[in-house]
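Now for the letters of each chain:
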Amino acid sequence: MEVIVRRKDHLMSPLHRRMTALVSEAGYRSDEPLVAGIRRRGAPPVHLAQGLTSTGEPMTAATLVYAASLSKQMTAACAALLVRRGVLDMESPLSHRLPELPAWAGAVRLRHLVHHTAALPADSAVDALLARDADRTTPGVIQALTRFPALAGRPGTEYVYSNAGYLCLAAAVERAADMPLPGFAQRHLFAPLAMADTRYWPGPEPMPPGAAPLARPRPAPLSLGDGGVWTTLGDLLRWGQALNADELGVSALMQTPGRLDDGTPIDYAWGIGVRSHAGHRVYRHGGGWTGLRALHARVPDLDLSVAVIATDDHTERRVPLLDGLLDVARDAASHSGGLRRRTDEPHVRKQGERPWKP
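Cut-offs used in this document
- Residues numbered from 1 in each chain as written.
- Predicted model: local features only at pLDDT ≥ 70, side-chain atom pairs only at ≥ 80, totals over all residues.
- Heavy atoms only, no water.
- Helix = DSSP H or I, 4+ residues; strand = E, 2+ residues; numbered from the N terminus.
- Buried < 20%, exposed > 50% of the residue type's maximum accessible area, 1.4 Å probe, protein only.
- Areas by Shrake-Rupley, 256 points an atom, 1.4 Å probe, with all protein chains shown as cover.
- Pairing = 2+ DSSP bridges.
- 1 Å grid on protein atoms, 1.4 Å probe; cavity = no way out; pocket = protein on both sides within 12 Å on 5 of 7 lines; lining within 4 Å.
- Points joined across faces, edges and corners; volume = space filled by probe spheres on them.
- Nonpolar A, V, L, I, M, F, W, Y, C, P; charged D, E, K, R; others polar.
- Core = buried A, V, L, I, M, F, W, Y, C linked by side-chain atoms within 4.5 Å.
- Contact = heavy atoms within 4.5 Å.
- Salt bridge = Lys/Arg side-chain N within 4 Å of Asp/Glu carboxyl O.
- Axes fitted to C-alpha atoms, helices over the stretch in contact; angles between N-to-C directions.
- Parallel < 35°, antiparallel > 145°, perpendicular 65-115°, else oblique.
- Left-handed = near helix turned anticlockwise from the far one by under 90°.

A. Just the overall build of the protein, in detail. For the protein, the count of helices and strands is eleven helices and ten strands. When the 358 residues of the protein are sorted by exposure, 55% land in the buried category. As presented, the protein carries roughly 15400 Å² of accessible surface, and 52% of it is formed by carbon and sulfur atoms.

B. Up close: the sheet that holds strand β4 (residues 65-66). Spatially, the three strands line up as an open sheet ordered β4-β6-β5, and their pairing is antiparallel. Every interior strand has two partners, whereas the edge strands, β4 and β5 (199-200), have only one. Relative to strand β6 (residues 229-231), β5 is paired through two bridges, and the arrangement is antiparallel. Note on β6: the bridge partner recorded for Arg 199 is Trp 230.

C. Representation of the layout of surface pockets. Each pocket or cavity is described by its volume, and for the largest pocket that value is around 520 Å³. Every residue lining the largest pocket is counted, 23 residues in all, and those nearest its centre are Asp 127, Arg 136, Arg 218, Pro 221 and Trp 289. Looking at the lining of the largest pocket, the elements that each hand over two or more residues are α5 (123-128) and β8 (280-289). Its residues assigned to classes, the lining of the largest pocket shows ten nonpolar, five polar and eight charged. Empty space within the second largest pocket amounts to approximately 310 Å³. What lines the second largest pocket is a set of 22 residues, among which Ala 119, Leu 120, Pro 121, Ala 122 and Val 160 lie closest to the centre.

D. Here's a closer look at the pairing of strand β9 (residues 292-299). Taken across its eight residues, β9 has eight buried, putting it largely inside the fold. Across the two faces of β9 the burial is the same, with Leu 292, Ala 294, His 296 and Arg 298 and Arg 293, Leu 295, Ala 297 and Val 299 all buried. With seven bridges connecting them, β8 and β9 associate as antiparallel partners. Along β9, the bridge assignment pairs Arg 284 with Ala 297. Linking β8 to β9, which pair antiparallel, is a turn of two residues; within it Gly 291 sits at a positive phi near 80°. The antiparallel hairpin formed by β9 and strand β10 (residues 304-310) contains four residues in its connecting segment, where Asp 303 sits at a positive phi of about 55°.

E. Representation of the nonpolar core in the model. Counting residues in hydrophobic clusters, the biggest one holds 85 residues, and the most contacted among them are Met 74, Leu 94, Trp 104, Leu 113, Leu 120, Leu 189 and Trp 239. The dominant element in this core, judged by the number of residues it contributes, is helix α7 (residues 163-177), at eleven residues. Contacts of Leu 94, omitting those with residues within four sequence positions, involve Leu 101, Ala 105, Val 108, Leu 110, Leu 113 and Cys 168. Formed by 25 residues, the second largest nonpolar core is a distinct cluster that contains Met 19, Ala 36, Val 46 and Val 306.

F. Quick peek at empty space enclosed by the protein. Tallied over the full model, the rule gives one cavity of 30 Å³ or more. Approximately 50 Å³ is the volume found for the largest cavity. Counting only elements with at least two residues in the lining of the largest cavity, the list comes to β8 and α11 (318-335). Split into classes, the residues belonging to the lining of the largest cavity amount to five nonpolar, two polar and one charged.

G. Quick look at the pattern of salt bridges. One pass over the structure, following the stated rule, counts 17 salt bridges. Here Asp 303 ties to Arg 41 by a salt bridge, and the two come within 3.9 Å at their closest N and O atoms. Of this pair, Asp 303 sits in the loop between β9 and β10 while Arg 41 sits in the loop between β2 (34-40) and β3 (46-50), and the two are 262 residues apart along the sequence. When salt bridges that share partners are traced, they join Glu 32, Asp 313 and Arg 317 into one network.

H. Layout of the packing of helix α2 (residues 71-84) against helix α9 (residues 233-244). In contact at an axis separation of 12 Å, α2 and α9 are set at 40° when each is read in the N-to-C sense. Of the possible angle classes, the one that applies to α2 and α9 is oblique. Remark: the crossing between α2 and α9 carries left-handed chirality. When α2 is examined against α9, the residues Gln 73, Met 74 and Ala 77 are found in contact with a partner set consisting of Leu 236, Trp 239 and Leu 243.

I. Here's a closer look at the environment of Ser 24. Locating Ser 24 in the fold gives a position in helix α1 (residues 14-25). As a C-alpha pair, Ser 24 and Leu 321 span 297 residues in sequence and 9.0 Å in three-dimensional space.

Next comes the structure, spelled out in structure tokens:
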């Protein structure tokens, strides 16, 4: 069972009223399209929805929306599954999987891609080489990367956020698994976790059937890995719950922060930022595109998953809103006796577990 509220004050519980107040305090009008939700283990998900999509449909927890860079943690999870099965070696060079790239790919390790330390060309420089008005696709970006004869820096020496890096990581996953990323993710992520509405979308249409369109004139890019996932608030909360409970057997790996080659730690793990909030470790990531702002966070210690999606937003109001939702969720967990510590242990192959088959 789940609880869904569409701003009807006479129906709201204290938790719903507090969530509604936080939306207002963050600066959102009641008619701006937005969904926000909290999921705590042992309690039904709580969703708050308001506003209409650009096609006039009410925003709900089941509205299919572009996830933008929230896709990166799902791409990282695909890579982690291959690592767990011994199919992918994160110390191997990118050139091993993408031999069409220039010689510099031999110095880039797959772990550099995961932690944004690969020193790849800036996203703006890559996008400038794409044909005007062409869709941003994986083949198009890889072709653009072949036009850079050298890297400006040395891989492993600096953290620089890179969409191109995660696109290359996704391409490496596809080639290691010997199947397209959408099919791989459906078989090994979304179907096992009952995320029925979530998928990678490579086109050719700008969005999956039934999805909420993005603001004109900028449809979502069709590149996969850096983005490419379309999902719902309900599925995002389910995703967070699954990682908190280590249902895929890769949470410990995904939550491991990266390091530069000299050992300097960074606060980015596998597709997720590593933060703290009120004394608890928080794994969070944002997603943004023209007219879209999303943010997802989870707190394994409290079994919390929190998300915000706004589909007509060009601001950063999502940040204080999500911080407030984390406080509300933590308080609710405390009052219900839900505060408990848990550990995430590495997956150990069970006796008789089959070897990897994509």
